[in-house]
Amino acid sequence: MSRHALLQQTMGLGPSWQPRGDWFAQHPAMLARAEQMAKPAPAPLAPSPSMPPEPPAIPSAQPMPETAATAPAHPPVSISPIPLQDWNALEQTVAACQNCRLCQTRTRTAFGRGNPKARWLLIGEAPGENEDKQGLPFVGRAGQLLDNMLAASGLDRDRDVYIANVIKCRPPGNRNPAADEIAACHGYLLQQIAHIQPTLILALGRFAAQTLLETERPIGQLRGKVHRYQDIPLIVSYHPAYLLRNQPDKAKAWQDMLLAQRAFRQHA
Ligand code: URA
């Protein structure tokens, strides 16, 4: 039995999705994460007065001090290990998610948009006001700009790409996502990536780039090169909402798109 089939059997899941080729062999770190996520949570230790409270289990994201520092006070976030689920079950789990405080203020979760079998995966930051109302990512002004950039690159937004966000719920007032909110949602993003198995990832903005690359380096240092997420080529570009406010940087975003197209052609 393949490792993947064994993994699914261990989790009690049917073969609801099949990775292309030898996906887990090519993505050993993804297998390790999937196995980690599939493990039952360890029994809680009895609290002892000398023991500091356990921090929440963070799937992988690096904390980002600047957002952590500005995050409002909150009760402990509940993060439970999430087994690999089929696509529809995953979407339903996200819709019902209560892993962090954002569930209290969201209208709808924005799971993703586009073709889950697409070869391009675009990852933004978080739903805004329109996305929160409609339950879809990038439907506001930033989304219109993104659609135009995709069309200019010859990519159909419904056929050729899948668009997701680092977090699936709107932070109130469109504030930056906090590190623990990103961590609480990270398992969902990992599962989306495992399902889609994209040929190329385009990280839009610093939260997507820093989360996936597990770095705190600024976007200016991350643009212009082909990174790897596992072995998937990953290009970093500006967030479309930033481009709406900083029109001259659209030219740089176009350079990023050209680099992404080259990387895609090399790996397709
Ligand atoms: N900005 C994002 O990063 N994602 C959206 O869905 C909308 C705006």
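Calculation notes
Residues numbered from 1 in each chain as written. Predicted model: local features only at pLDDT ≥ 70, side-chain atom pairs only at ≥ 80, totals over all residues. Heavy atoms only, no water. Phe/Tyr/Trp six-rings, centres within 6.5 Å; stacked < 30°, edge-to-face > 60°. Core = buried A, V, L, I, M, F, W, Y, C linked by side-chain atoms within 4.5 Å. Buried < 20%, exposed > 50% of the residue type's maximum accessible area, 1.4 Å probe, protein only. Helix = DSSP H or I, 4+ residues; strand = E, 2+ residues; numbered from the N terminus. Contact = heavy atoms within 4.5 Å. Near = heavy atom within 4 Å. Polar contact = N/O pair within 3.5 Å; in protein donor to acceptor, adjacent residues only side chain to side chain. Areas by Shrake-Rupley, 256 points an atom, 1.4 Å probe, with all protein chains shown as cover. Pairing = 2+ DSSP bridges. Axes fitted to C-alpha atoms, helices over the stretch in contact; angles between N-to-C directions. Expected span 1.5 Å × (residues − 1). pLDDT = per-residue confidence, 0-100. Disulfide = S-S within 2.5 Å. Parallel < 35°, antiparallel > 145°, perpendicular 65-115°, else oblique. Left-handed = near helix turned anticlockwise from the far one by under 90°. Nonpolar A, V, L, I, M, F, W, Y, C, P; charged D, E, K, R; others polar.

To continue, consider the packing of aromatic side chains. Counted according to the given criterion, the structure contains four aromatic pairs. Through pairs of rings, three or more aromatic residues link up here, namely Trp87, Phe111 and Tyr162.

What follows deals with the nonpolar core. One finds Ile123, Ile193, Ile201, Leu212 and Leu234 to be the most contacted residues of the largest nonpolar core, which totals 40 residues. Considering each element in turn, this core owes the most residues, eight residues, to helix α8 (residues 179–196). In contact with Ile201, other than residues within four places in its own chain, are Leu121, Ile123, Ile193, Leu212, Tyr229, Ile232, Pro233, Leu234 and Ile235. Within the second largest apolar cluster, 18 residues are counted, among which are Trp120, Leu150, Leu200 and Leu259.

In this section: the site of the ligand. Neighbouring residues of the ligand: Gly124, Glu125, Ala126, Pro127, Glu131, Pro137, Phe138, Asn165 and His239. Within the backbone of Phe138, an N or O atom sits 2.8 Å from an oxygen atom of the ligand. Interatomic distance of 2.6 Å between a side-chain N/O atom of His239 and an oxygen atom of the ligand. Coverage of the ligand by the protein chains reaches 92% of its 240 Å² of free accessible surface.

For the rest of this paragraph, the subject is the sheet that holds strand β3 (residues 161–165). Spatially, six strands are ordered β1-β3-β2-β4-β6-β5 in an open sheet, and the strand pairing comes out mixed. Since the sheet does not close on itself, it has two edges, and those belong to β1 (113–114) and β5 (227–229), each with one partner. The sheet contact formed by β1 and β3 spans two bridges and is antiparallel. Across the sheet, the residue bridging to Arg113 is Ile163, located in β3. Helix α7 (residues 141–152) contacts β1, β2 (120–124), β3 and β4 (200–204) of the sheet and is inclined by roughly 150° relative to β3.

With that out of the way, let us pick up α7. Between the first and last C-alpha of α7 there are 17 Å, a value that for 12 residues agrees with the 16 Å anticipated at 1.5 Å per step. Within α7 the residues assigned to the buried category are Ala142, Gly143, Leu145, Leu146, Asp147, Met149 and Leu150. Buried positions along α7 lie against β1, β2, β3, β4, α11 (240–245) and α12 (250–267). Gly154 occupies a position one or two residues after α7 and carries a positive phi of about 80°.

Let us now look at the confidence of the model for the protein chain. With 69% of its residues at a pLDDT of 70 or more, the protein chain has an overall mean of 79. Note on residues 1–80: pLDDT is under 50 here. Beyond four places in sequence and across chains, it has 116 contacts.

A separate point is the pairing of strand β6 (residues 232–237). Taken residue by residue, a regular strand's side chains alternate between the two faces of the sheet. Of all six residues in β6, six are buried; the element is thus mostly enclosed. Residues of β6 alternate between two faces, with Ile232, Leu234 and Val236 on one and Pro233, Ile235 and Ser237 on the opposite face, all of them buried. Sheet topology note: the β4/β6 ladder contains four bridges and is parallel. Within the sheet, the bridge partner assigned to Leu202 lies in β6 and is Ile235. Sheet topology places β5 next to β6; three bridges connect them, and they run antiparallel. Across the sheet, the residue bridging to Arg228 is Pro233, located in β6. Count of turn residues in the β5/β6 antiparallel hairpin: two residues, of which Gln230 carries a positive phi of about 55°.

Counted by the stated rule, this structure contains zero disulfides. We note that Cys97 lacks a disulfide partner, and the nearest cysteine sulfur, in Cys185, lies 6.1 Å from it. The class of Cys97 is buried, set by a relative accessible area of 12%. For Cys103, which is in no disulfide, the shortest distance to another cysteine sulfur is to Cys100 and amounts to 6.5 Å. Of the residues examined, Cys103 reaches a relative accessible area of 21% and is grouped as partly exposed.

Its 18 residues place the ends of α12 26 Å apart at the C-alpha level, agreeing with the 26 Å of an ideal helix rising 1.5 Å per residue. Of all the positions in α12, only Ala253, Asp256, Met257, Leu259, Ala260, Gln261, Ala263 and Phe264 are classed as buried. Looking at the buried positions of α12, the neighbouring elements they touch are β2, α7, β4, β6 and α11.

Here we take up the packing of α7 against α12. Interaxial distance between α7 and α12 falls to 11 Å at its minimum, and their mutual angle equals 50°. As far as their axial angle goes, α12 and α7 are oblique. Viewed along their axes, α7 and α12 form a crossing whose handedness is right-handed. Of the residues in α12, those in contact with Leu145, Met149, Leu150 and Ala152 of α7 are Lys250, Ala253, Trp254 and Met257. A breakdown of the residues in the contact of α7 with α12 according to their chemical character gives seven nonpolar, no polar and one charged.

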